[in-house]
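# Structural characterization, general
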There are 2 protein chains.
Amino acid sequence: MEKNQKKIIQSDENCPVRKSLSLLGGKWTLLILFQINERKIRYGELKGCIPGISEKVLIQKLNHLIENKLVAKKSYPEIPPRVEYRLTKIGLKTLPVIENLTIFGLENLD
Amino acid sequence: MEKNQKKIIQSDENCPVRKSLSLLGGKWTLLILFQINERKIRYGELKGCIPGISEKVLIQKLNHLIENKLVAKKSYPEIPPRVEYRLTKIGLKTLPVIENLTIFGLENLD
DNA sequence: AATATATCTAACCTTTATGTAAGTACCTTA
DNA sequence: TAAGGTACTTACATAAAGGTTAGATATATT
């Protein structure tokens, strides 16, 4: 068991823990994914249910998640604009991870 | 609306996801916990199986984990010094979380 | 003409995280 | 006397993340 462990870590590229963390590990990302959850949600509404986040960071994180195919975006050609976000199939797979972290936090951290 | 609500939701104190992330979310923390795993391990050995980490960061993270009771440390009064680290009961509970992240990374990220 | 609306975009700054390199302590062995 | 082993510790520098403020857009409404 010990030898395999060493192999997993060697670089950022081939370490799945690092890859996951670099995508999901920021201050807001998991909260965004959790809020989107299984619904379609507009930008403004999403912003409204994540108090404290700045527009810059919200857009930045959404774009990053879109690039990595965890979130899909649909823009409607209207004025004022309307944009809907939803989780992709992959994005939906983060929900159990979030649940695990929630339980860990609730049960073990002060 | 803002002051009370903002404070409550924005702080790590009241959000279990944020609490978990602020403890586990850095670049090296989960790798350290995974390497310690179910064994006792000396500082130098641990360092040896996490290539690329600096001594400063390793010590810093270990101390942080000790403060938060995920890791326990035992020093032997010898020269040269000998120190052993192991996961506490709580620390062991991070192993499934790490496994989940690993699987997510392997299955879903390039 | 001014205002409202929703979704961004940019410039700038502060805070936090991580990296680098050198040094410390103490005893043992050569 | 010097070198070596182990586990740190410190000072300093850089990089990454996040926060603040202002503004761009394009149309409908007043």
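Scope of this entry: the structure provided in the associated data block. Predicted model only: the values in this text are computed from it and were never measured.

### Comments concerning the relation of the copies chain B and chain A
Taken as rigid bodies, chain B and chain A are interconverted by a rotation of 180° and an axial shift of 0.1 Å, the fit giving an RMSD of 0.1 Å. Read as a symmetry element, the transformation amounts to a two-fold axis. Judged by C-alpha distance, Gly25(B) is the residue of chain B that lies nearest the rotation axis, at 2.7 Å. Interface overlap between copies: 80% of the residues of chain B at the interface are likewise at the interface in chain A, consistent with a symmetric, same-surface contact.

### Observations regarding unusual backbone geometry
Residue and element names in this part refer to chain A. Residue Pro 80 is bonded to the preceding Ile 79 through a cis peptide linkage, with omega at -5°. Along the chain, Pro 80 turns up in the loop between strand S2 (71-76) and strand S3 (82-87). Of note, the phi angle at Lys 69 is positive, near 65°, even though the residue is not glycine. Assessed through its relative accessible area of 57%, Lys 69 is described here as exposed.

### Things to note about the protein's contact with DNA strand D
Every one of the 21 residues lining DNA strand D counts as a neighbour, but Lys27(A), Lys56(A), Glu55(B), Ile59(B) and Tyr85(B) are closest to it. In DNA strand D, the atoms that sit within 4 Å of the protein are 62% sugar and phosphate, with bases accounting for the remainder. Between Arg42(B) and DNA strand D, the recorded distance is 3.1 Å, taken from a side-chain N or O atom to a phosphate oxygen. Gly44(B) is positioned such that a nitrogen or oxygen atom in its backbone is 2.9 Å from a phosphate oxygen of DNA strand D.

So, how was this worked out
- Residues numbered from 1 in each chain as written.
- Chains lettered and ligands numbered in written order.
- Predicted model: local features only at pLDDT ≥ 70, side-chain atom pairs only at ≥ 80, totals over all residues.
- Heavy atoms only, no water.
- Least-squares fit on C-alpha atoms with pLDDT ≥ 70 in both.
- Contact = heavy atoms within 4.5 Å.
- Helix = DSSP H or I, 4+ residues; strand = E, 2+ residues; numbered from the N terminus.
- Buried < 20%, exposed > 50% of the residue type's maximum accessible area, 1.4 Å probe, protein only.
- Near = heavy atom within 4 Å.
- Polar contact = N/O pair within 3.5 Å; in protein donor to acceptor, adjacent residues only side chain to side chain.

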